[in-house]
Amino acid sequence: MSKPIYLDNQATTPLDPAVLESMLPYFNNKFGNAASTHHSFGHEAKEAVEKSREIISKELNTSASEIVFTSGATESINLAIKGVSEKLKEKGRHIITQVTEHNAVLDTCSALERRGWEITKLPVKQDGRIDPRMIEDAIRKDTVLVTIMHANNEIGVIQPVREIGDICKRHGVYFLVDASQSFAKISVDAKEINIDLLAFTAHKIYGPKGIGALFIKKKNPPVELELQMDGGGHERGFRSGTLPVALIVGFGKAVELCSRDRDAENKRLKQYRDQLIDDIMTAHTDVILNGSREQRLSNNLNLCFPGIEAETMIMNMKNIACSTGSACTSASLEPSHVIKALGYDTELAHTAIRFSLGRFNNADEIAAAGKMIINAATAAKQKKSNYL
Ligand code: PLP
């Protein structure tokens with residue numbers, strides 16, 4: 001069997017070789033603790049950490065001191081949601097989110113719900129986007145936080161964060177954005193969009209796993225939150241724990257590469273994606289593209305193949321690495337909560353497959369993948385008709 005084609009870049013991306021190279025010295029002779037600034041080993045490590053923080057803050061148009069390193073987006077989201085809720089519990093215990101969020105948000109909200117907070121989970125339209133007016137209507141006196149993702153991990157749909165930011169600012173409610181899938185792929189100016197907190201991660205942008213960050217706004221107004229990790233007071237006290245210098249260096253390098261090549265990369269991936277959509281939907285006219293085609297990440301393709309279980313398609317496409325839901329829920333027999341939120345019945349939702357393209361895919365792979373996908377659907381339909 002030839003090498004599988006990796007089309008699961010929204011689950012995680014391979015490490016860019018330049019990122020790996022940037023990290024290696026920090027696993028080796030540059031091993032200092034960034035908090036040990038009383039000697040040169042520590043200095044060297046601290047300098048490397050601060051350089052990455054600078055690169056990352058520039059990407060978001062924030063100041064470097066507003067970036068707090070964490071172990072990944074899940075931790076950043078926990079820190080933001082629990083931290084704000086606990087800090088503002090006297091003001092109110094109401095949080096607004098939407099049904100298509102990642103479980104990192106939904107489960108964190110559920111944990112607070114069990115402790116007495118009230119969570120409003122707003123529906124999305126059939127194209128996967130939320131209507132910002134629904135958020136405005138849902139805001140109450142006791143609302144302390146609105147948390148809406150930038151781009152969806154399953155269907156790639158991009159949410160109207162600018163409009164939502166304006167609404168939150170007008171109502172004096174904190175706005176948290178889970179930008180795990182969009183950070184450094186779509187340029188975001190956190191100040192301009194009125195974002196108070198933004199969670200993101202390195203392993204979706206060709207960086208290492210185990211490192212992420214949270215932007216915490218410092219001014220107009222500063223975001224207050226209850227600490228979730230007690231200890232040595234690292235990261236301005238927001239996240240204690242010795243910093244993984246090598247991972248942070250790799251994170252910075254990954255962001256640098258993304259922002260340098262973003263336009264060309266998005267253009268190329270969109271071309272590949274559109275070619276796949278058009279080829280597949282021409283060969284199988286019943287195939288449905290899930291979520292908005294226009295307001296969508298350039299690398300995402302999520303399709304329903306009516307009448308064909310996603311598992312059957314996956315078995316028929318052994319040489320393609322893709323996903324039947326988000327990576328985190330694909331082990332479950334339940335259909336994806338995101339696809340169901342688009343208004344599909346359970347049977348149709350079970351046919352959804354996500355193909356997510358990335359930097360290291362080339363035109364030959366995309367052409368080969370297109371043929372394999374079309375053949376897999378043809379074979380499944382043929383098998384079904386033989387049984388009838
Ligand atoms: N939020 C979204 C939208 C994601 O896609 C992911 C990763 O799958 C996460 C949060 C969690 O990120 P991490 O793996 O860095 O904890």
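Relevant structure appears above.
First, a word on scope: everything that follows refers to the structure included in this document.

Calculation criteria
- Residues numbered from 1 in each chain as written.
- Predicted model: local features only at pLDDT ≥ 70, side-chain atom pairs only at ≥ 80, totals over all residues.
- Heavy atoms only, no water.
- Helix = DSSP H or I, 4+ residues; strand = E, 2+ residues; numbered from the N terminus.
- Expected span 1.5 Å × (residues − 1).
- Buried < 20%, exposed > 50% of the residue type's maximum accessible area, 1.4 Å probe, protein only.
- Contact = heavy atoms within 4.5 Å.
- Polar contact = N/O pair within 3.5 Å; in protein donor to acceptor, adjacent residues only side chain to side chain.
- Pairing = 2+ DSSP bridges.
- Phe/Tyr/Trp six-rings, centres within 6.5 Å; stacked < 30°, edge-to-face > 60°.
- Lys NZ or Arg CZ within 6 Å of the ring centre and 35° of its normal.
- Right-handed = clockwise from strand over helix to strand, strands pointing away.
- Near = heavy atom within 4 Å.
- Areas by Shrake-Rupley, 256 points an atom, 1.4 Å probe, with all protein chains shown as cover.
- Nonpolar A, V, L, I, M, F, W, Y, C, P; charged D, E, K, R; others polar.

### Quick notes on helix H11 (residues 363-387)
The first and last C-alpha atoms of H11 sit 37 Å apart over 25 residues, in line with the 36 Å expected at 1.5 Å per residue. Buried residues of H11: Glu-365, Ile-366, Ala-369, Gly-370, Ile-373, Ile-374, Ala-376, Ala-377 and Ala-380, and no others. Buried-residue contacts for H11 involve strand S1 (5-6), helix H7 (245-283), helix H8 (310-316), strand S11 (320-321) and strand S12 (352-356). Looking at where H11 begins, the residue whose side-chain oxygen comes 3.2 Å from the main-chain nitrogen of Asp-364 is Asn-362.

### Describing the sheet that holds S12
Across a sheet, paired strands are connected by hydrogen bonds in the backbone, their directions being either parallel or antiparallel. Spatially, three strands are ordered S9-S10-S12 in an open sheet, and the strand pairing comes out antiparallel. Either end of the sheet is taken by a strand with one partner, and the two such strands are strand S9 (288-289) and S12. Where S9 lies against strand S10 (residues 300-304), two bridges are found, and the strand directions are antiparallel. The residue of S10 that forms the bridge with Leu-289 is Leu-303.

### Comments concerning the packing of aromatic side chains
Aromatic ring pairs are defined here through the distance separating the ring centres and the angle between the ring planes. Scanning all chains against the criterion turns up six aromatic pairs. For the ring pair Phe-183 and Phe-251, a centre distance of 6.4 Å and an interplane angle of 75 degrees mean the geometry is edge-to-face. In this pair, Phe-183 sits in the loop between strand S6 (174-178) and strand S7 (197-201) while Phe-251 sits in helix H7, placing the two residues 68 residues apart along the sequence. For Phe-183, a relative accessible area of 2% puts it in the buried group. On the basis of relative accessibility, which here comes to 0%, the residue Phe-251 falls in the buried class. An aromatic cluster is present here, built from Phe-69, Phe-183, Phe-200 and Phe-251 joined pairwise through their rings. Positioned above the aromatic ring of Trp-117 is the side chain of Arg-93, whose terminal nitrogen or guanidinium carbon lies 4.5 Å from the ring centre.

### Examining the side chain of His-203
In this structure, His-203 sits in the loop between S7 and strand S8 (212-216). Looking at His-203, its side chain comes within polar contact range of the side chain of Thr-12, at 2.8 Å.

### Some details on the pairing of strand S3 (residues 94-98)
Most of S3 is tucked away, with five of its five residues classed as buried. Alternating residues of S3 divide into His-94, Ile-96 and Gln-98 and Ile-95 and Thr-97, and every residue in both groups is buried. As paired strands, S3 and strand S4 (residues 118-122) are joined by five bridges and run parallel to one another. Paired with Ile-96 across the two strands is Thr-120, which belongs to S4. A crossover links S3 with its parallel partner S4, the connecting element being helix H4 (residues 103-114), and its sense is right-handed. Pairing geometry for S3 and strand S5 (residues 143-147), over three bridges, is parallel.

### Some remarks on the pairing of S5
Among the five residues in S5, five count as buried, and that is most of the element. Each parallel crossover has a hand, and the one from S5 via helix H6 (residues 161-171) to S6 is right-handed.

### So, the site of the ligand
Surrounding the ligand, one finds 13 residues, the nearest of these being Thr-74, Asp-178, Gln-181, Thr-201 and Lys-204. Side-chain polar atom of Thr-74 to an oxygen atom of the ligand: 2.6 Å apart, as the coordinates give it. A distance of 2.9 Å is found between an oxygen atom of the ligand and a side-chain nitrogen or oxygen belonging to His-203. Protein chains bury 87% of the 390 Å² of accessible surface belonging to the ligand in isolation. By residue number, the principal contributor to the shell around the ligand is helix H3 (residues 73-87), which donates three residues. Its residues assigned to classes, the shell around the ligand comprises three nonpolar, eight polar and two charged.

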